[in-house]
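These are the residues of each chain, in order.
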Amino acid sequence: MNNAVNDEVWSGSWVAERLGVALVGDDRLPALLGLALRRNPKRAHLLVSNVLGKHVPQSPAVVYDHGLRLGRRVLDLLGEAEAATAVVLGYAETATGLGHAVADGLGRAPYLHSTRRPVAGLVPAGGFEESHSHATSHLLLPEDPGLLAGDGPLVLVDDEFSTGNTVLNTIRDLHERCPRRRYVVVALVDMRSPEDCARMERFAGETGARLDLIATVSGTVRLPEGVLEKGQELVARYEQAGPGAAGRARPAKPQDVPPRTPAGTPAPAGRVDLGWPRGLPDGGRHGFTPAHRARLDTALPAMAARLRDALPAGARRVLVLGCEELMYAPLRLAHALERTTDAEVRFSTTTRSPVLAVDDPGYAIRTRLVFPAHDDPADGPGERYAYNVAGGGFDAVVAVVDSAADTPALHAPDGLLARLAAHVPHVLLAVVPSYVPHAPERPAMLPEPLRGPAFSSYAPQEVGWLLQDLSAVTLEAPTEEREEAIQRGGAHYAESLPVEYQPSERYQELFHTALEESAARIARAVGAVTETVIAERSPRPVLVSLARAGTPVGVLMRRWAQFRHGLDLPHYAVSIVRGRGIDTNALRWLAGRHDPRDVVFVDGWTGKGAITRELAQAVEEFEAKEGVTGFDPEIAVLADPGSCVRTYGTREDFLIPSACLNSTVSGLVSRTVLRADLVGPHDFHGAKFYRELAGADVSGAFLDAVSARFPEVADAVEEAAKELLAADRTPTWAGWRAVERISEEYGIHDVNLVKPGVGETTRVLLRRVPWKILARAGAGADLDHVRLLAEQRGVPVEEVGDLPYTCVGLIHPKYTRGATGADGKAVTL
């Protein structure tokens, strides 16, 4: 029996005649595919590729070239610039080598393939199911957790598409973790039905991502009714009949081909030292970069020469046999050997897929060798197979395994080497060192973001909160008690919460009036800052708002990007605490799912710039400790009256209605909490969801009122964005200098007690113990709500002529519940 493709007899005719299965489509399909019967309760037939190098030994040049050509087609589709940001993902076990070859054809793309072999200490970056397979669980175990976190195209490679379910499962899993704009699906053959094609198109529409498909040939498999039951019956009949079965062909079990060595005799196998480069990964199980590919290319000639020199004299037909997922290294070795020897070199690999063998020219799987698994598989011991090796006329077989699979089971009397030696005169073993990725010590897996309606009144797509829910914990304390404890150093302001302010009817009316009057102004600022971000920071930014004042702004920026550019931007809310920095666990979560260079931190407004400085210091410390780089600490804000940042919508100090209220305009979420007994070292910071305030919630009303003005301000935003992009926006920190002057002039001597700007002044009146309010002379309706709150709390409002802000709130210095002010500038202690 010779395993070369027979030009006269199609290797699918045996199955076609008995089951009525037919390949319909491209005329090249019969040359690329044969048919066999599966021992699988989910699908009767198996499409057997003649060019994949899995079940049918094939010239390594043919196998590698098919992958390279697919990769070059992907490069042509994407173009050089977009291809430079692509990542290629192949499927275990049949497409691991094909995916590698596609990545090689694409050029500069890193490669990863799924695996069924877990690694202790390495946290999966994802996983998915292959519903039709006999072994379904796929793991993604990149050494670099950022490999799948970018937003460049993801190229998914499989040997054949029968339904497309595996691809959809993969994209669904990865898109939820890290959305991308584009996916490219690649296969040797596309055999989906029209219904399967339509389902993939609907799926692409639901995700909002572009999904392209490239295949060498396309067609469909025509399956008659009852084919699964009929196929199972046929498999059972042939397996039970054994070697003595009558008929045109009989099933070829391992014992069908008489062994050349006595049963139970261990197989002698010569070892070949390849001289594999130290530290070079054996494949893409944990990632394979262009630099790795260059090292392998350099080392291949010397390794191929060692293989050639180890072959027996006179060997004319040689098989290089890979091992399950280990396909690429053996393929490249075989390809290099093919070019350095006169022998006919073929390549295939062992597999865990059970297939019926029938020794007939019209059947794709002529012989089967059965042996026990020898790599300590996660799913336990079981049979493994090598197809079309026995009876293939090979003079020598080079079995290539990784060191994890070089176990006693490999060398046992019933192991792979013994099975090979029973049918091939010379067996050589080449062991590639298993690449053990560096698995840094990591904290426990962080949870996925909290989303509405379970946490917050925002729609789930509007924002994901990287927080833990502390709604069941009593954290509120009277404002006066909190202020005294904070100023005496007995507590940090983030360790408790103020009692939520419930606005009076008059104050609510004032909020709605202010919203109506300022909605267009806010919409212009939202549009301007979003356009600046997209133009200068990232074409597809990941918005990360600083909870909670930044969160309504982040939602509005996300809505503007959707309205103006059709972008569906990810948006998260994180905690930052003055004096304690940003939530580093939230940064770690973001870095694991997105490119840090795309992250844009968002806040509502700047006061004196304390949070701007806090964030810059926190990011610097995080990157130094974690070794993660790329986060830009500059905040994008709606209003920058303090001149503290470069990215803003306006530098005017005006009323932003979301500053008028607390949780009822911020999704019913509290200010964030950081307390050691509630927030552990591996926890997100905390916050509460005030579900009981749903009747007073105006969060959606605020967002909708501003969003409704987007169309009418679009032209003004375009002009404003052009002006901003052309302007010198270097921060002057004028606000900080003003705060320092006010702190000294009023005898406070603590800049943290001076809160400049309309937003910060409002916070003082809602959450702290205010001492007095400084208002710029002539300030109009922007301060109506401030004057009302000040009146309700008995706080004087003093008009000041040279104030750089519309107003400034002063927290009562050295506060005790008996403290009073005497001359309006000093404090009686």
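Here goes a summary of the coordinates provided.

Calculation rules
Residues numbered from 1 in each chain as written. Predicted model: local features only at pLDDT ≥ 70, side-chain atom pairs only at ≥ 80, totals over all residues. Heavy atoms only, no water. Phe/Tyr/Trp six-rings, centres within 6.5 Å; stacked < 30°, edge-to-face > 60°. Helix = DSSP H or I, 4+ residues; strand = E, 2+ residues; numbered from the N terminus. Buried < 20%, exposed > 50% of the residue type's maximum accessible area, 1.4 Å probe, protein only. Lys NZ or Arg CZ within 6 Å of the ring centre and 35° of its normal. Core = buried A, V, L, I, M, F, W, Y, C linked by side-chain atoms within 4.5 Å. Contact = heavy atoms within 4.5 Å. Pairing = 2+ DSSP bridges. Axes fitted to C-alpha atoms, helices over the stretch in contact; angles between N-to-C directions. Parallel < 35°, antiparallel > 145°, perpendicular 65-115°, else oblique. Nonpolar A, V, L, I, M, F, W, Y, C, P; charged D, E, K, R; others polar.

## A word on the packing of aromatic side chains
Part 1 of the reasoning: Counted under the stated rule, the structure contains 13 aromatic pairs.
Part 2 of the reasoning: A centroid spacing of 5.3 Å and a plane angle of 85° characterise the contact between W14 and Y238, whose relative ring orientation is edge-to-face. Residue W14 is found in helix α1 (residues 13-19), and its partner Y238 is found in helix α7 (residues 227-241); the two are separated by 224 residues along the sequence.
Part 3 of the reasoning: Classification of W14 by relative accessible area gives buried; the value is 0%.
Part 4 of the reasoning: On the basis of an interplanar angle of 75° and a centroid distance of 5.7 Å, the ring pair of F288 and Y328 is categorised as edge-to-face. Pair noted here: F288 is in the loop between β11 (270-272) and α8 (290-310) and Y328 is in helix α9 (residues 328-338), with a separation of 40 residues, a long-range link. The same class applies to F288 and to Y328, which are both buried.
Part 5 of the reasoning: These aromatic residues form a ring-pair network of at least three members: F455, Y458, W465 and F689.
Part 6 of the reasoning: Taking the ring centre of W736 as reference, the NZ or CZ of R613 above it sits at 4.2 Å.
Part 7 of the reasoning: Here the basic side chain of K772 rests over the ring of W771, its NZ or CZ set 5.2 Å away from the ring centre.

## Quick notes on the nonpolar core
Part 1 of the reasoning: Counting 90 residues, the largest nonpolar core has L37, V88, L106, V155, V186, Y363 and V398 as its most contacted members.
Part 2 of the reasoning: With 8 residues, helix α3 (residues 60-83) is the largest single contributor of residues to this core.
Part 3 of the reasoning: Ignoring anything within four residues of it in the chain, the contact list for Y363 reads S11, W14, V15, L35, A36, L37, V355, L356, A357 and V358.
Part 4 of the reasoning: Among the nonpolar cores identified, the runner-up in size contains 77 residues, and L543, V553, L556 and V679 belong to it.

## Regarding unusual backbone geometry
Part 1 of the reasoning: Note that the residue after A92, namely E93, is joined by a cis bond; omega there is 0°.
Part 2 of the reasoning: For E93, the position within the fold is in the loop between β4 (87-90) and α4 (96-106).
Part 3 of the reasoning: The omega torsion of the bond from A547 to R548 falls at 5°, within 30 degrees of zero and hence cis.
Part 4 of the reasoning: Along the polypeptide, R548 turns up in the loop between β22 (542-546) and α14 (550-565).
Part 5 of the reasoning: Of note in this structure, W733 is not a glycine but carries a positive phi near 55°.

## Brief notes about the pairing of strand β15 (residues 383-387)
Part 1 of the reasoning: By the criterion of burial, β15 is predominantly enclosed, with 4 of the 5 residues buried.
Part 2 of the reasoning: Sheet topology note: the strand β14 (residues 368-372)/β15 ladder contains 5 bridges and is antiparallel. Following the sheet pairing, F371 is matched in β15 by R384.

## Structural notes on the packing of helix α5 (residues 165-177) against helix α6 (residues 194-207)
Part 1 of the reasoning: Relative orientation of the contacting elements α5 and α6 amounts to 5°, with a least axis distance of 11 Å. On the basis of the axis angle, α5 is roughly parallel to α6. Contacts between α5 and α6 involve N165, V167, L168, I171, R172 and H175 from the first element and R199, M200, F203 and T207 from the second.
Part 2 of the reasoning: Counted by class, the contact of α5 with α6 contains 5 nonpolar, 3 polar and 2 charged residues.

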